[in-house]
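Secondary and tertiary structure notes
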Amino acid sequence: MLELRPNCECCDRDLPPDSADARICTYECTFCADCVDHVLNGVCPNCAGNLVRRPIRPPQMLAKAPASTRRVLAAAGCGARRAA
Ligand SMILES: [Zn+2]
Ligand SMILES: [Zn+2]
């Protein structure tokens, strides 16, 4: 089951479980669409895997299986890639 992490690992933007802007890799590294398109070029910086749109968990299932509240943030950010 997906953790549904609450934020973008690059820019720390909030990505609620119903966000259409959340992108994940196979390890569920989580990023926003903006960072994926303009900073990461569709590639996860942690595992080099591809990033896809995170599926939306229906609200009735979220009640039973709540989204993660543990924020994961890249220690160095993704700024180096943005500058490159
Ligand atoms: Zn972001
Ligand atoms: Zn990854």
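Presented here is a report on the structure given in the accompanying data block. Everything numeric in this text was worked out from a predicted model, so none of it was measured.

Across its full length, the protein holds 3 helices and 3 strands. Ordered by position in the sequence, the α and β elements of the protein form the string β-β-α-β-α-α. Its C-alpha atoms give the protein a radius of gyration of 12 Å, near enough to 12 Å, the size a compact globule of 84 residues would have. Overall, the protein is about 45 × 20 × 20 Å in size when its C-alpha atoms are taken along their principal axes. The 84 residues of the protein split such that 38% are buried. Surface accessibility of the protein: about 5,000 Å² in total, with carbon and sulfur atoms responsible for 53%.

The coordination sphere of the zinc ion (ligand 1), as far as protein atoms go, consists of Cys-8 (SG), Cys-11 (SG), Cys-32 (SG) and Cys-35 (SG), spread over 2.3 to 2.4 Å. Every donor counted, the 4 donor atoms about the zinc ion (ligand 1) form angles of 101 to 116 degrees at the centre, which fits tetrahedral coordination. Read in sequence order, the donor residues for the zinc ion (ligand 1) give the motif C-x2-C-x20-C-x2-C. Here Cys-32 lies in strand 2 (residues 30-32) and Cys-11 lies in the segment before strand 1 (22-24), a separation of 21 residues in the sequence. Residue classification places Cys-11 among the partly exposed residues on the basis of a relative accessible area of 32%. Using a relative accessible area of 0% as the deciding quantity, one classes Cys-32 as buried.

Let us now look at the side chain of Asn-7. Tracing the backbone through its elements, the reader meets Asn-7 in the segment before strand 1. Only 2.7 Å separates the side chain of Asn-7 from the side chain of Asp-12, close enough to count as a polar contact. Within the local environment of Asn-7, its side chain forms a polar contact with the backbone oxygen of Val-72, the two atoms lying 3.0 Å apart.

Protein-derived ligands of the zinc ion (ligand 2) are Cys-25 (SG), Cys-29 (SG), Cys-44 (SG) and Cys-47 (SG), with the metal-ligand distances lying across 2.2 to 2.7 Å. On the primary sequence, the residues serving as donors to the zinc ion (ligand 2) are separated as C-x3-C-x14-C-x2-C. With Cys-25 in the loop between strand 1 and strand 2 and Cys-44 in the loop between helix 1 (33-38) and strand 3 (52-53), this residue pair connects regions lying 19 residues apart in the sequence. On the accessibility criterion, Cys-25 (5% relative accessible area) is buried.

Turning to the sheet that holds strand 3, a few remarks are in order. If you walk across this open sheet you meet the 3 strands as 2-1-3, and the pairing is antiparallel. With partners counted over all chains shown, the strands left at the sheet margins are strand 2 and strand 3, one partner each.

Judged by nonpolar contacts, the single largest core of 15 residues is most densely connected at Cys-8, Cys-10, Phe-31, Leu-40, Cys-44 and Leu-51. Going through the elements one at a time, strand 2 and helix 1 are the ones with two or more residues in this core. Leave out the neighbours within four places in its chain, and Cys-8 touches Arg-13, Leu-15, Thr-30, Phe-31, Cys-32, Cys-35, Val-72 and Leu-73.

What counts as what
Residues numbered from 1 in each chain as written. Chains lettered and ligands numbered in written order. Predicted model: local features only at pLDDT ≥ 70, side-chain atom pairs only at ≥ 80, totals over all residues. Heavy atoms only, no water. Helix = DSSP H or I, 4+ residues; strand = E, 2+ residues; numbered from the N terminus. Rg over C-alpha atoms; globule rule 2.2 N^0.38 Å. Buried < 20%, exposed > 50% of the residue type's maximum accessible area, 1.4 Å probe, protein only. Areas by Shrake-Rupley, 256 points an atom, 1.4 Å probe, with all protein chains shown as cover. Donors = N, O, S within 2.8 Å, 3.2 Å for Na, K, Ca; no water. Tetrahedral: all angles 85-135°; square planar, octahedral: opposite > 155°, others 65-115°. Polar contact = N/O pair within 3.5 Å; in protein donor to acceptor, adjacent residues only side chain to side chain. Pairing = 2+ DSSP bridges. Core = buried A, V, L, I, M, F, W, Y, C linked by side-chain atoms within 4.5 Å. Contact = heavy atoms within 4.5 Å.

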